[in-house]
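Each chain is listed here by its residues.
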Amino acid sequence: MQDTVPTASALPTLMLMGIAGLAIAVLLVLIIKIKLHPFFALVIVSIATALATGIAVADLLPVLLDGFGTTLGNVALLIGFGAVLGRLVAVSGGARVLADTLIRAFGREKAPLGLSIACLLFGFPIFLDAAFVVMLPVIYSVARELKASLLLYGLPAAGAFLVMHALMPPHPGPVAAAVFLEADIGKVLFVALIVGLPTWYLMGYRLSLLLANRTPFQPVPSLMGGEDDEVEPARRPSFKTVLLVLLLPLALIFLNTGLSTLVEGGAIQGDNALVQALTLIGETPIAMLISTCVAMWLLVIRGGGGGAMASINEVVEQALAPVCSIILITGAGGMFGGVLTASGIGDALAESLQAFGLPVIVAGYVIAAVIRVAQGSATVAGTTAAGIMAPVVLAEPSLSGLPAACVTVAIVAGAIGYSHVNDSGFWLVGRFLGVDTQTMLKTWTVVSTGISLMAFGLAWLLFTLL
């Protein structure tokens, strides 16, 4: 992107840093105080920042559209296909099959673990809020059947969804951050799995269980209880089918990463037709497209799942409508990042980081965490922090490859933590678990903070070892 847009000014570093700080402050005021939608806030601040840093009026639109279009070109397909894939699994009854099978396998005593694992798998293609709501009838029914506190099942389930939403492509935060930092999605997924699995077990599951046990008994609320349409057991897909649908995109993406690594190492020839074909189907958008089409066939057309679903097109519409706002916010975040790059603010930030001796991966985490605490949206925090850090990362050749993937994971770890009252997810989880604000601060906020810190610590450790 830096080669295709005009760069700005020769303003002093201190002035550029001041403009960057003011831009972020104005952005937070617009979102938090004025309650302006983040999409409009990001566009307005991007325009103002570009003009303040000396980008010519004639060059303004190309700079804005370059950042916006480049981001959407990489992100929109992944988010769209991921949303549809998750919706297909939900309406077919696959989510219930996944949960029931794992609960039977783990037994009554380990039911929270089985349910958390089910949410971990189901959370790969579907966003936290949608996934949590879809799994609520299962969570409620398990808590009622076992006559236990709802938090024993709801909190570990929400923790699993939070880990997946925070770290794993095709969720918008890690995808957008990877695009800004030019990190390979397959490598980001690889690092996210290494970081995410132990983080989920210790912070998403064990810490959630500990906090739930220390909280007074929480009954299952009447909300949604028994009201949701259920897919008849005979029409639900098998556990193996659901597992195949969820793991297929991971396998295809890893295929691309593995083949690319072998080609770079000279082990195989990159111009081989078979290698090129396999690499193509492993490209993340193609892998998600293939997986979504396979899900349509296996879960709907062949199996006849989802009795309440009129057609596949209806499911697609239901899945895509809620993510349009996320896609636009992500694109606007790319616009803001593009302005920071073209204006020279990124270079000024790099000089400042070098002067303070703050490691790049630490700076990325801190910036994302501060923005997250201030305005609540993980997507805005991740995309903004990644846009700020992109010039720093791209300017250093040693940060390409796996190091860039580690920085990506560290940024999204900072963007997902410290959930409190300005986070919509805080209220969604609290409302459906039927707990008050004080209890949420003592449980959900602690869990999200633990997940953020541990994921960052493991990403930093891996970054140091590379």
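Below, the discussion takes up the environment of G93. Of note, G93 is situated in the loop between α3 (57-91) and α4 (94-106). By relative accessible area, G93 is classed as buried at 7%. Counting along the chain gives 138 residues from G93 to V231, while the straight-line C-alpha distance between them is 5.6 Å. When neighbours within four sequence positions are excluded, G93 is seen to be in contact with V231, R236 and P237.

This part is about empty space enclosed by the protein. The full count for this structure, using the stated rule, is one cavity of 30 Å³ or more. The space that makes up the largest cavity amounts to roughly 80 Å³. Contributing to the lining of the largest cavity are H165, A166, H171, P172, G173, P174, A378, T379, G382, V412, A415 and I416. Per-class residue counts for the lining of the largest cavity are seven nonpolar, five polar and no charged.

Within the largest apolar cluster, 165 residues are counted, with the highest numbers of intra-cluster contacts made by F132, M135, Y153, L167 and W444. By residue number, the principal contributor to this core is α3, which donates 16 residues. When residues no more than four places from it in sequence are discounted, the contact partners of Y153 are A111, P112, L115, I139, V142, A143, L146 and A148.

With that settled, consider the packing of helix α8 (residues 172-181) against helix α17 (residues 378-394). Taken N-terminus to C-terminus, the directions of α8 and α17 make an angle of 20°; their axes are 8 Å apart at the nearest point. If you check the angle between α8 and α17, you find them roughly parallel. For the crossing formed where α8 meets α17, the hand is right-handed. Judged by residue contacts, P172, A176, A177, F180 and L181 of α8 engage T379, T383, A386, G387, M389, A390, V393 and L394 from α17. Broken down by class, the residue content of the contact of α8 with α17 amounts to ten nonpolar, three polar and no charged.

Considering every residue of the protein, the mean pLDDT works out to 82; 88% of them sit at 70 or more. Summarising per-element confidence for the protein, the mean pLDDT is lowest in helix α15 (residues 345-356) (63) and highest in helix α21 (residues 444-465) (96). Taken as a whole, residues 224-228 scores under 50 in pLDDT and shows nine contacts with residues more than four places along the chain or in a different chain.

The final tally for this structure, using the stated rule, is six aromatic pairs. Between Y365 and F456 the ring centres are 4.2 Å apart and the planes differ by 20°, which places this aromatic pair in the stacked class. Highlighted residues: Y365 in helix α16 (residues 360-375) and F456 in helix α21, separated in sequence by 91 residues. In this pair, the class of Y365 matches that of F456, namely buried. Grouped by ring-pair contacts, the aromatic residues W200, Y201 and Y205 constitute a single cluster.

Cut-offs used in this document
Residues numbered from 1 in each chain as written. Predicted model: local features only at pLDDT ≥ 70, side-chain atom pairs only at ≥ 80, totals over all residues. Heavy atoms only, no water. Helix = DSSP H or I, 4+ residues; strand = E, 2+ residues; numbered from the N terminus. Buried < 20%, exposed > 50% of the residue type's maximum accessible area, 1.4 Å probe, protein only. Contact = heavy atoms within 4.5 Å. 1 Å grid on protein atoms, 1.4 Å probe; cavity = no way out; pocket = protein on both sides within 12 Å on 5 of 7 lines; lining within 4 Å. Points joined across faces, edges and corners; volume = space filled by probe spheres on them. Nonpolar A, V, L, I, M, F, W, Y, C, P; charged D, E, K, R; others polar. Core = buried A, V, L, I, M, F, W, Y, C linked by side-chain atoms within 4.5 Å. Axes fitted to C-alpha atoms, helices over the stretch in contact; angles between N-to-C directions. Parallel < 35°, antiparallel > 145°, perpendicular 65-115°, else oblique. Left-handed = near helix turned anticlockwise from the far one by under 90°. pLDDT = per-residue confidence, 0-100. Phe/Tyr/Trp six-rings, centres within 6.5 Å; stacked < 30°, edge-to-face > 60°.

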